[in-house]
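Here are the chains, one letter per residue:
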Amino acid sequence: MMKRIAILGSTGSIGKQALEVVANHPDDFAVEILTAKSNFKLLIEQAARFHPSTVVISDVIHLDTVKRALSSLPVTVLGGQEALEDVVTGERVDMVLAAMVGFAGLLPVVRAIKAGKQIALANKETLVVAGELVTALAREYQVDLLPVDSEHSAIFQCLKGEQHAEIEKVYITASGGPFRNLDAVILAEVTRHEALKHPTWNMGAKISIDSATLMNKGLEVIEARWLFNLRPDQIDVIVHPQSIVHSLVQYCDGSIKAQLGLPDMRLPILYAMSYPKRLNSLFPRFHFPDYPNLTFEAPDPARFPNLSIALGAMRRGGNMPCVMNAANEVAVDAFLHDRTGFYGMTEIIEKTIRQATFLQEAGLTDYIESDREARIIAQSFV
Ligand code: NAD
Ligand code: MG
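Residues numbered from 1 in each chain as written. Chains lettered and ligands numbered in written order. Predicted model: local features only at pLDDT ≥ 70, side-chain atom pairs only at ≥ 80, totals over all residues. Heavy atoms only, no water.

Student: I'm lost on a nonpolar patch on the surface in this one. Help?
Tutor: A contiguous nonpolar surface patch, about 240 Å² in accessible area, is contributed by Leu260, Leu294 and Phe296. As for its position among the elements, leucine 260 is in strand β11 (residues 256-260). (Patch = residues over 30% accessible without salt bridge, like charges linked within 9 Å, V, L, I, M, F, W, Y side chains within 5 Å. Areas by Shrake-Rupley, 256 points an atom, 1.4 Å probe, with all protein chains shown as cover. Salt bridge = Lys/Arg side-chain N within 4 Å of Asp/Glu carboxyl O. Helix = DSSP H or I, 4+ residues; strand = E, 2+ residues; numbered from the N terminus.)

Right under this line is the structure:
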């Protein structure tokens, strides 16, 4: 059966690779909706090629341009954030691929779950901010939250056929980012250009900076906690610079299962989209002689304090991961605009956490308010 997919954030790194997957499997997938924030040029090209029934451009200043460019095609063109939240509920949508970046993913994902859509989740911030709420909703509406993040796809695959009670712990692998071997004095001076050059993955700007600070791993631990219903003490991070072992699960008998593959996001994207089936692919295969050494080491919390900050926020619970996420989004944006340094990001996050209102219990409106408040506070430290 053909799956009709809404790709939110189709002009981004994950979105573009998802469209490659669709193009490779025309009998299995069709594009129902494409959305972008501001890259109208690419959105227009994608719409002309993949024939969605609707496209949404969030930045309404580009709405007329997109409408004009697509006027000869049978496609509805909408603008604005609300349209983005509405279109995911469309009757013809079977699956929503959440591939936008940041807190902006939360509300569309919540709407899609409530409309009973299957979710392929790349947007990890949704689970960082409101993991308890979102996973509870998914259970209530009997919707699968299918991980696209490579580590979580690995864990998901390792858990197949196993009992939840028999999981002892999960190891999330980290490449270590572009600065794995730099000492703190040099790290303090790195530029955004250096930070954007990831050794094993080619990704969007925000996640590339998060990978350089190891905040990305912190976000992923929180993501895993909710996605797989784990206690914080059941999750460990292990640095594996080759990015071949995508994560591991250890069971109560001491046995460890791992999932391996070349670092290629099209693989976890394809698995989430085709689940519960596997489809044939022509992606390059892993070749053992190319990787004589697969190495593993502990992360260094002294040089990469953002990882510990994220783990602390997870243990504190409530709205703390939401506050931390908002502060991190502001800090990363500041770093990308040369307005703060590598450890300046850490400072912005720590100060915001100290100043923001802490809520032990939080609902959707609390998260929206916490995100707003934390952004204002964080901005005052930039
Ligand atoms: P990206 O910056 O390359 O693309 C982001 C996409 O979302 C773009 O299409 C953009 O137009 C859209 N977008 C951005 N802000 C938006 C907003 N406020 N409202 C609506 N749309 C918006 O990002 P990416 O690297 O593709 O990452 C997307 C998500 O997937 C992130 O949450 C990231 O953590 C996660 N992820 C990415 C990778 C990867 O390899 N790139 C791997 C694992 C997880
Ligand atoms: Mg990942």
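Now that the structure is up, let's keep going.
Student: Sorry if this is basic, but what is going on with the environment of lysine 37 here?
Tutor: By the element assignment, lysine 37 lies in the loop between β2 (29-36) and α2 (40-50). Taking C-alpha positions, lysine 37 is 9.4 Å from leucine 8, a pair spaced 29 residues apart along the chain. Excluding its chain neighbours within four sequence positions, the residues that come into contact with lysine 37 are Ile57, Ser58 and Asp59. (Contact = heavy atoms within 4.5 Å.)

Student: Help me understand the site of ligand 1 in this model?
Tutor: In the neighbourhood of ligand 1, 24 residues make up the surrounding shell, with Thr11, Ser13, Lys37, Glu125 and Gly204 lying closest. The side chain of threonine 11 places a nitrogen or oxygen atom 2.7 Å from an oxygen atom of ligand 1. Between ligand 1 and lysine 37, the relevant distance is 2.8 Å, taken from an oxygen atom to a main-chain nitrogen or oxygen of the residue. Across the complex, the protein chains shield 88% of the 830 Å² of accessible surface that ligand 1 would expose by itself. The set of elements that each furnish at least two residues to the shell around ligand 1 consists of α1 (13-24) and α4 (81-87). Split into classes, the residues belonging to the shell around ligand 1 amount to eleven nonpolar, nine polar and four charged. (Near = heavy atom within 4 Å. Polar contact = N/O pair within 3.5 Å; in protein donor to acceptor, adjacent residues only side chain to side chain. Nonpolar A, V, L, I, M, F, W, Y, C, P; charged D, E, K, R; others polar.)

Nothing here speaks to function; it is all geometry.
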